[in-house]
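One-letter residues, chain by chain:
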Amino acid sequence: MPADTTSPQTPPDFAPLIQRLTEQSAAHPDLHHVGATFLPSRNRVIEFIEVMRRLVFPGFFDPDRLTPDTLADHTRDLLTQADALLYEQTREALRYKLNLDGSGKGDDCEACDIQARDLTNCFFNQLPELRRLLLTDVHAAFDGDPAAQSYDEVIFCYPGLDAIFTHRMAHCLYTHGVPLLPRMMSELIHNDTGIEIHPGATLGESFFIDHGTGVVIGETVVIGDRVKVYQSVTLGALSTKGGQDWRGTKRHPTIEDDVTIYGGAVILGGETVIGKGATIGGNIFVTRSIPPGHTVTAEMPNLILRPPKAPKGELPTDFDPSI
Amino acid sequence: MPADTTSPQTPPDFAPLIQRLTEQSAAHPDLHHVGATFLPSRNRVIEFIEVMRRLVFPGFFDPDRLTPDTLADHTRDLLTQADALLYEQTREALRYKLNLDGSGKGDDCEACDIQARDLTNCFFNQLPELRRLLLTDVHAAFDGDPAAQSYDEVIFCYPGLDAIFTHRMAHCLYTHGVPLLPRMMSELIHNDTGIEIHPGATLGESFFIDHGTGVVIGETVVIGDRVKVYQSVTLGALSTKGGQDWRGTKRHPTIEDDVTIYGGAVILGGETVIGKGATIGGNIFVTRSIPPGHTVTAEMPNLILRPPKAPKGELPTDFDPSI
Amino acid sequence: MPADTTSPQTPPDFAPLIQRLTEQSAAHPDLHHVGATFLPSRNRVIEFIEVMRRLVFPGFFDPDRLTPDTLADHTRDLLTQADALLYEQTREALRYKLNLDGSGKGDDCEACDIQARDLTNCFFNQLPELRRLLLTDVHAAFDGDPAAQSYDEVIFCYPGLDAIFTHRMAHCLYTHGVPLLPRMMSELIHNDTGIEIHPGATLGESFFIDHGTGVVIGETVVIGDRVKVYQSVTLGALSTKGGQDWRGTKRHPTIEDDVTIYGGAVILGGETVIGKGATIGGNIFVTRSIPPGHTVTAEMPNLILRPPKAPKGELPTDFDPSI
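Predicted, not measured: the structure shown is a model, and the values here were computed from it.

1. Here's the deal with the overall build of chain A
- Broken down by element type, chain A carries eight helices and 14 strands.
- Against the globule reference of 20 Å for 323 residues, chain A gives a C-alpha radius of gyration of 26 Å, more extended than a compact globule.
- Looking at the 323 residues of chain A, the share that counts as buried comes to 60%.
- Summed over its atoms, the accessible surface of chain A is roughly 12,400 Å², and 52% of this surface lies on carbon and sulfur atoms.
- Taking the 27 positively charged and 43 negatively charged side chains of chain A as two groups, their mean positions are separated by 4 Å.

This is how it looks when you write it as structure tokens:
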């Protein structure tokens, strides 16, 4: 069959497809936000996090050098930007939420703007406390990791600190009832770090997540002070069969002060309490409470060594299999 | 030794190094694409995914508000961009592949352009079906996760949906034989989400990946409808010793409808079938088939509790070790 | 309470907050780099990695096509950029480190510039060797993965190769004593790939990381040639209680040539040696040495199957539970 080479590159007439897509959107409001007057913006939330990082850690992530002389102006610039972004996005989120029922109430909600302003003011009033907490986190990471060379290395490099920084902001907005934005923030940093902390989770001070990839911390987790968590730890729900029926219940564990949880440990259940000072070994599966101060490990399965090209299970005579 | 401070910053003469690098490239064609007339571009593939996300979910990720009046023009704009990108990259990929043997056949392959146009048309004809499937995925995520507050939260925030969205596009191209692009797409979203789905894997509708970091779904996996998968689940091959010898065989499991697979479970083998409605417990290692409807857990290793500063294995009297 | 709707959007007077933030910064030098004359820049390090990727793999990631005629100029351009970035950042890092004690010695350290120039020259002199090693890694990935279609697919798509590429550069700088930059580099690629390789780790040639998300390779790990590692493998320390006290000791395992380590395996301890040619099964927990050539698996816990709506533990008559 000779190819028609005259115009192989001509795109088809898009009109019929546009028609189908438009009709599909009309039939499925979940698929689109056409005609939405208010809607939060992922890009603006990203921008907000970036500005906040520079505001919280002056000089670390700024394109230009800061001096004591320029610090106040620099702070004012960033604060003005961050304030405008948060006010705008909180206002969008509040009005958007009212519009979810199709009533259009959000469009007229001037009270939403006042609430957005109050929430924004409230958030920035807590900024010095946020910085104080983050400093305890930086010190905890340095003290806990022999590979850390300086506090700067923690701030520049540790994904766990990035995740905690973003979480502490998201949690503040979450507890004040800001819709959607907190979860956007936590998933943006989840993408970066592989660490997922639901904005509902409550963290104490001096919290350290080492390595971090694969960590999952659920919505109703409560964590005390000076807790250390390693990679791939799950603090989760026992089962979520039934899905939405579970919303609002305490589904995730409580971790008291001074607990260490090693890599891959899975701790499940809303009534599970890991007592103060306990240590949870790597890859342990825990679904009930652990008393304070205790160390939990598991009976390791026997390892089976097979020498090269020998039948399975035959051990070399010089090897102790009780590994 | 006194330092020569006159010109510490002068770079060396690069000529000898350039010579070495150029010779090295000449000797190792695998290291470079110098002189390639056709080659897919990672940046253009990134651009394509971004445009497609806006096309599939109008209004969610657009910089400006959409209205019913502007929707058709907006759709036409994005469709024109996406079509041009996909046609261009498919054409590059097809011609590039023909040139891999050094014959230069790709340079003359006008039939490649026709094929690229056909494939591109075919892809966009399936766009309404892609959106229909994604809507089932959005609903499955909302229904399955008590932490989800709205469908919007799923579309804005869930990395699982991002991975499934990209996979459904990549799989369409993969099954039509487009070289390289599908795998580029899946690895780009793997970078973002920590979820790796090989473009060869076949997914049913209403697929939900919760949390997601560390999920690996292999090339020959087949997944039914309404399947739920949690973080760090591996659907993999039993062994790939021998590497390339295994190419093209069914190496990965089949998951039937309505299966739930909890976090960390590892299911291996091309003949392994997880029957309809089965539930696979967390951290289970499965290498044979499971009958429909069954729930699989494992005998948990006994946990060993050691009280503070007490000898290993001594338990507090008030604690039941059968945890 | 009637809302004051006159100016709900007016931000508050920022002056008091700026005052508090500035005082907080003054009281906590760990929180800021105000007045720092020298400091590495994360954005410049990102730029360096991007330029190096184009320099190492010509034509793969460049915006324009390369031809044999333009290759030398192209190489010179990229080399000039990469050299300037590395010299600048190494100089910043060396002077910054001297200033950490507040002495201001870094400000006067002209020897730092000479050292930065020497280190930079040294780094680029090793560039052909870096490319040679990376080519062995590319071949190892292709040979080891039946899903790989071509070397190009490995270079374009494999996160493991991205991580190894960045590590080999970072390790070179680390062994030459460059402060901070190597760790920045490894955490930047950790963010992208979910693969964490501390810049101190020593890798042999033909190293292959498949899938990769969740891999953690510690600071004092030593890995031989032709080693294969799958997703979520940890090569870590037995315990880091005591944190900074452990700095500088050999805390992580040694992996000899031709070892394969399957997904989820955890190998811990500075005296743990995995002998040449050994195979470590998936999800195995190893804390002592394994003799050469041996295969290690674990006694799998018995799986428990529960039929639909039947009491726990009751098995279907047609099912062999010795799964």
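2. Looking at the interface of chain B and chain C
- Facing the 71 residues of chain B at the interface are 75 residues of chain C.
- Carbon and sulfur atoms make up 58% of the area that chain B and chain C hide from each other, which totals about 6,300 Å².
- For the chain B face of the interface with chain C, the top three residues by lost area are Asp 30, Leu 31 and Arg 42 of chain B, together amounting to 10%.
- Across the chain B-chain C interface, the total number found is two salt bridges.
- Salt-bridge contacts for Arg 65 of chain C lead to Glu 92 of chain B; the nearest nitrogen and oxygen are separated by 2.5 Å.
- For the interface between chain B and chain C, the tally reads 22 residue pairs in polar contact (both at pLDDT 80 or more).

3. With respect to the sheet that holds strand β14 (residues 303–306) of chain B
- What the six strands build is an open sheet, ordered β2(A)-β5(A)-β8(A)-β11(A)-β13(A)-β14(B); its pairing is mixed. Unpaired on one side and paired on the other, β2 (208–209) of chain A together with β14 of chain B mark the two borders of the sheet.
- The pairing of strand β13 (residues 295–298) of chain A with β14 of chain B spans four bridges and is antiparallel. Paired with Thr 297 of chain A across the strands is Ile 304 of chain B, a residue of β14 of chain B.

4. Examining the environment of Cys 122 of chain B
All names here are of chain B.
- Among the structural elements, Cys 122 can be located in helix α4 (residues 110–125).
- Given a relative accessible area of 23%, Cys 122 falls into the partly exposed group.
- Sequence separation between Cys 122 and Glu 196 is 74 residues; the distance between their C-alpha atoms is 25 Å.

5. Considering the packing of aromatic side chains
Residue and element names in this part refer to chain B.
- For the structure on display, the rule yields 27 aromatic pairs over all chains.
- Arranged with centres 5.1 Å apart and planes meeting at 85°, the rings of Phe 123 and Phe 124 form a pair that is edge-to-face.
- You can call Phe 123 buried: its relative accessible area is 4%.
- Taking relative accessible area as the criterion, Phe 124 reaches 3% and is therefore assigned buried.

6. Looking at the packing of helix α1 (residues 15–27) of chain A against helix α5 (residues 127–144) of chain B
- One way to put it is that α1 of chain A packs onto α5 of chain B with a least axis distance of 10 Å and a crossing angle of 20°. Considering the angle they form, α1 of chain A stands roughly parallel to α5 of chain B. As for how α1 of chain A packs across α5 of chain B, the hand of that crossing is right-handed. On α5 of chain B, the residues touching Leu 17, Arg 20, Leu 21, Gln 24 and Ser 25 of chain A of α1 of chain A are Leu 127, Pro 128, Arg 131 and Arg 132 of chain B.
- Residues that form the contact of α1 of chain A with α5 of chain B fall into these classes: four nonpolar, two polar and three charged.

7. Here we look at the confidence of the model for chain A
All names here are of chain A.
- Of all residues in chain A, 91% attain a pLDDT of 70 or more, and the chain-wide mean is 90.
- Predicted confidence for residues 1–7 stays below pLDDT 50, and this span has four contacts to residues more than four positions away or in other chains.
- Segment residues 314–323: pLDDT under 50, and 16 contacts once partners within four positions in sequence are set aside and those in other chains are kept.
- Across the whole predicted complex the pTM is 0.92, and at the interface the ipTM reaches 0.90.

8. What about the relation of the copies chain B and chain A?
- You can overlay chain B on chain A at an RMSD of 0.0 Å; the transform is a turn of 120° with a shift of 0.0 Å along its axis. Given the turn and translation reported, the copies of this chain are related as if by a three-fold rotation axis.
- The share of interface residues of chain B whose copies in chain A are also at the interface is only 3%, consistent with the copies meeting through different surfaces.

9. Side note on the state of the cysteines
- Applying the stated criterion across every chain yields a total of three disulfides over all chains.
- The disulfide partner of Cys 109 of chain B is Cys 112 of chain B, and the gap between their sulfur atoms is 2.2 Å. Where Cys 109 of chain B bonds to Cys 112 of chain B through sulfur, the torsion about that S-S bond is close to 95°, and the disulfide is right-handed. Comparing Cys 109 of chain B with Cys 112 of chain B, the two get one shared label, buried.
- A disulfide-free cysteine, Cys 122 of chain A has its sulfur positioned 5.8 Å from the sulfur of Cys 172 of chain A, the nearest such atom.

Here is what the cut-offs are and how they apply
Numbering of residues starts from 1 in every chain and runs along the sequence as written. The lettering of chains begins at A and the numbering of ligands begins at 1, in the order of writing. With pLDDT at 70 or above as the cut-off, local features in this predicted model cover only qualifying residues; side-chain atom pairs require 80 or more to be listed or tallied, and sums for whole chains, interfaces and linings still use all residues. The basis for the side-chain values is all heavy atoms of the structure; hydrogens and waters are excluded. Helix and strand definitions follow DSSP, with helices as H or I runs of at least four residues and strands as E runs of at least two, each counted in order from the N terminus. In this description the radius of gyration comes from C-alpha coordinates, and the expected globular size is given by 2.2 Å times residues to the power 0.38. When accessible area is computed with a 1.4 Å probe and restricted to protein chains, residues below 20% of their type maximum are described as buried, those above 50% as exposed, and intermediate ones as partly exposed. Note on areas: Shrake-Rupley, 1.4 Å probe, and residue coverage restricted to the protein chains presented here. Under the counting rule used here, the positive set is Lys and Arg, the negative set is Asp and Glu, and His together with the chain ends is not counted. Where a charge sits is defined by one atom per residue type, namely NZ (Lys), CZ (Arg), CG (Asp) or CD (Glu). Note on contacts: a residue pair is in contact if any heavy atoms of the two residues lie within 4.5 Å. Summed over both partners, the accessible surface that disappears when two parts come together, traced with a 1.4 Å probe, is what is meant by buried area. When a carboxyl oxygen of Asp or Glu lies within 4 Å of a side-chain nitrogen of Lys or Arg, that pair is called a salt bridge. Two N or O atoms count as a polar contact when they lie within 3.5 Å, although within protein this holds only if one can serve as hydrogen donor and the other as acceptor, and sequence-adjacent residues are included solely when both atoms are side-chain atoms. Any two strands are treated as partners once DSSP identifies two or more bridges connecting them. Here a Phe, Tyr or Trp ring, Trp counted by its six-membered ring, pairs with any other such ring whose centre lies within 6.5 Å, and the pair is stacked when the planes are under 30 degrees apart, edge-to-face when over 60, and tilted otherwise. Fitted lines through C-alpha atoms give the axes, limited to the stretch in contact for helices. The angle between two N-to-C directions lies from 0 to 180 degrees. Geometric relationships in this document are graded by angle, where less than 35 degrees denotes roughly parallel, more than 145 denotes roughly antiparallel, 65 to 115 denotes roughly perpendicular, and other angles denote oblique. A clockwise turn of the near helix away from the far one marks a right-handed crossing, whereas an anticlockwise turn of less than a right angle marks a left-handed crossing. Note on residue categories: nonpolar means Ala, Val, Leu, Ile, Met, Phe, Trp, Tyr, Cys or Pro, charged means Asp, Glu, Lys or Arg, and polar means any other residue, Gly included. Per residue, pLDDT captures the predictor's confidence, and it can take any value from 0 to 100. We superpose the copies by least squares over the C-alpha atoms of residues that have a pLDDT of at least 70 in both of them. We call a pair of cysteine sulfur atoms a disulfide whenever their separation is within 2.5 Å.

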